[in-house]
Amino acid sequence: MQGKIVKGIAGFYYVYTALGLFECKAKGIFRKEQKKPLVGDLVEMVPVDVEKMIGNITEILPRKNTLIRPASANVDQALVIFAIVKPDPNYNLLDRFLITMEEQSLPCLICFNKQDIATEEEKQELIEAYGKSGYEVLFVSGKLQEGIDTIRERLQGKTTVVAGPSGVGKSTIINALYPQANMETGEISRKIERGKHTTRHAELFALSEDTFIFDTPGFTSLNLGEMEKEDLQGFYPEFTPYEKYCKFTGCSHISEPVCGVKDALERGDISRVRYENYKVLYEEIKNRRKY
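Quick caveat, the model's predicted, so the values are computed rather than measured.

Caption draft 1: Highlighting the overall build of the protein chain. In terms of regular secondary structure, the protein chain is built from 8 helices and 13 strands. A globule of 291 residues ought to have a C-alpha radius of gyration of about 19 Å, and the protein chain, at 21 Å, matches this closely. Taken along the three principal axes of its C-alpha coordinates, the protein chain extends 70 × 45 × 30 Å. Burial analysis of the protein chain (291 residues in total) assigns 49% to the buried set. Of the roughly 14800 Å² of accessible surface on the protein chain, 50% is carried by carbon and sulfur atoms. For the protein chain, the distance from the average position of its 39 positive side-chain charges to the average position of its 42 negative side-chain charges is 6 Å.

Caption draft 2: Broad picture of the pairing of strand β12 (residues 203-208). Across 5 bridges, β12 lies against strand β13 (residues 211-215) in antiparallel orientation. Across the sheet, residue E203 finds its bridge partner in β13, namely D215.

Caption draft 3: Quick peek at the confidence of the model for the protein chain. Chain-level pLDDT for the protein chain is 88 on average; 90% of the residues reach the 70-or-more range. Taken element by element, the protein chain is modelled with least confidence in helix α6 (residues 180-191), mean pLDDT 52, and with most confidence in helix α7 (residues 260-267), mean pLDDT 97. Low confidence marks residues 183-190, where pLDDT is under 50. Its contacts with residues over four positions away, or in another chain, come to 14 contacts. This model gives residues 192-199 a pLDDT under 50, and the stretch forms 15 contacts once residues within four places in sequence are excluded.

Caption draft 4: Seen up close, the nonpolar core. In this structure, I57, L94, L98, F112, Y130 and V161 are the most contacted members of the largest nonpolar core, which totals 45 residues. Discounting chain neighbours no more than four positions away, the residues touching L98 are V80, C108, I110, Y130, Y135 and R274.

Caption draft 5: Main features of the pairing of strand β1 (residues 2-9). Most of β1 is tucked away: 6 of the 8 residues are buried. Relative to strand β4 (residues 42-49), β1 is paired through 3 bridges, and the arrangement is antiparallel. Across the sheet, the residue bridging to G3 is V43, located in β4. Where β1 lies against strand β2 (residues 12-17), 5 bridges are found, and the strand directions are antiparallel. By the bridge assignment, K4 is partnered in β2 with Y16.

Caption draft 6: Representation of the packing of helix α2 (residues 91-103) against helix α3 (residues 120-130) within the structure. One can describe the packing of α2 onto α3 by two numbers: an axis separation of 13 Å at closest approach and a directional angle of 45 degrees. Considering the angle they form, α2 stands oblique to α3. Between α2 and α3 the crossing geometry is right-handed. Taking contact as the criterion, the partners of Y91, L94, D95 and L98 in α2 are, on α3, E125, L126, A129 and Y130. Residues belonging to the contact of α2 with α3 are distributed by class as follows: 6 nonpolar, no polar and 2 charged.

Caption draft 7: A look at the pattern of salt bridges. Under the defined criterion, the tally for this structure stands at 17 salt bridges. E128 is the partner of K132 in a salt bridge, and the nearest nitrogen-oxygen pair spans 3.9 Å. With its nearest N and O atoms 2.7 Å apart, the salt bridge here joins E238 to R274. Here E238, found in the loop between β13 and α7, pairs with R274, found in helix α8 (residues 272-286); they are 36 residues apart in sequence, far enough to count as distant. Judged by relative accessible area, E238 falls into the buried class, the value being 6%. According to the relative accessible area criterion, R274 is buried, its value standing at 1%.

Caption draft 8: Up close: the packing of aromatic side chains. Considering all chains together, one arrives at 11 aromatic pairs under this definition. Measuring from ring centre to ring centre gives 5.1 Å for F239 and Y278, while their planes differ by 85 degrees; the resulting arrangement is edge-to-face. Placement of the pair is F239 in the loop between β13 and α7 and Y278 in helix α8, with a sequence separation of 39 residues. The exposure classification of F239 matches that of Y278, with both residues buried. With a centroid separation of 6.3 Å and 35 degrees between ring planes, the pair formed by Y275 and Y278 is classed as tilted.

The rules behind the values
Residues numbered from 1 in each chain as written. Predicted model: local features only at pLDDT ≥ 70, side-chain atom pairs only at ≥ 80, totals over all residues. Heavy atoms only, no water. Helix = DSSP H or I, 4+ residues; strand = E, 2+ residues; numbered from the N terminus. Rg over C-alpha atoms; globule rule 2.2 N^0.38 Å. Buried < 20%, exposed > 50% of the residue type's maximum accessible area, 1.4 Å probe, protein only. Areas by Shrake-Rupley, 256 points an atom, 1.4 Å probe, with all protein chains shown as cover. Lys, Arg positive; Asp, Glu negative; His and termini not counted. Charge placed at Lys NZ, Arg CZ, Asp CG, Glu CD. Pairing = 2+ DSSP bridges. pLDDT = per-residue confidence, 0-100. Contact = heavy atoms within 4.5 Å. Core = buried A, V, L, I, M, F, W, Y, C linked by side-chain atoms within 4.5 Å. Axes fitted to C-alpha atoms, helices over the stretch in contact; angles between N-to-C directions. Parallel < 35°, antiparallel > 145°, perpendicular 65-115°, else oblique. Left-handed = near helix turned anticlockwise from the far one by under 90°. Nonpolar A, V, L, I, M, F, W, Y, C, P; charged D, E, K, R; others polar. Salt bridge = Lys/Arg side-chain N within 4 Å of Asp/Glu carboxyl O. Phe/Tyr/Trp six-rings, centres within 6.5 Å; stacked < 30°, edge-to-face > 60°.

Written out as structure tokens, the structure is:
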């Protein structure tokens, strides 16, 4: 029987099938082969007890893609959620999220929540910072359900990973998109004897038969792995149109004279917030110790 893994906790995998939700263990052979089932995986499973909805995963079907963080499979795009205020957006962390998703060739939407308690000036600051970056920027209020229909349109027909730091209202937006989320979280929590609904694991919800969202744990930091400093500029798509005006091939856009990117920055064609983040991340990678 085929199904899709929608949650994995403490060695148990919850697989949606035509018969319903099965609690499954993975075969020991996966450990020997160093293969780990991921949320989003399509799998073959064998029912052990249909009445109790218990089974075993016997095979992981081929993946379209694999995300390292959040650990998941078969994803089409990312919805990165930050708050406009309370907490104020951490631009450096936001860029790390965008770079992490870009590294995995995942298109991104940026969603800023809590517009109901933000000023127009605060929203304009974000438009100035990210409106020229090549990403679509959405403003919503999860609490008042403003802008939720727009998000739903952008998610239609795709599997979307929802990511962002803690405290930005991610769960509120997911509950607005999919009110059953709380109920299902509670049901599975009782099944594994965990009382809290705080997201500590990746979880998939079906908005319709062809539209899925992953809820993921909140993050407070993201490192840039083994990226080389020369590769970083490729994750700032707004730099690309101006690089042809740089005097030197392989210009880092930091200290070189005659730099098209720095000229665009001075004209206001590139966000200073994004550029300053780029410099900070460039230095971080440059100074990273290599073993």
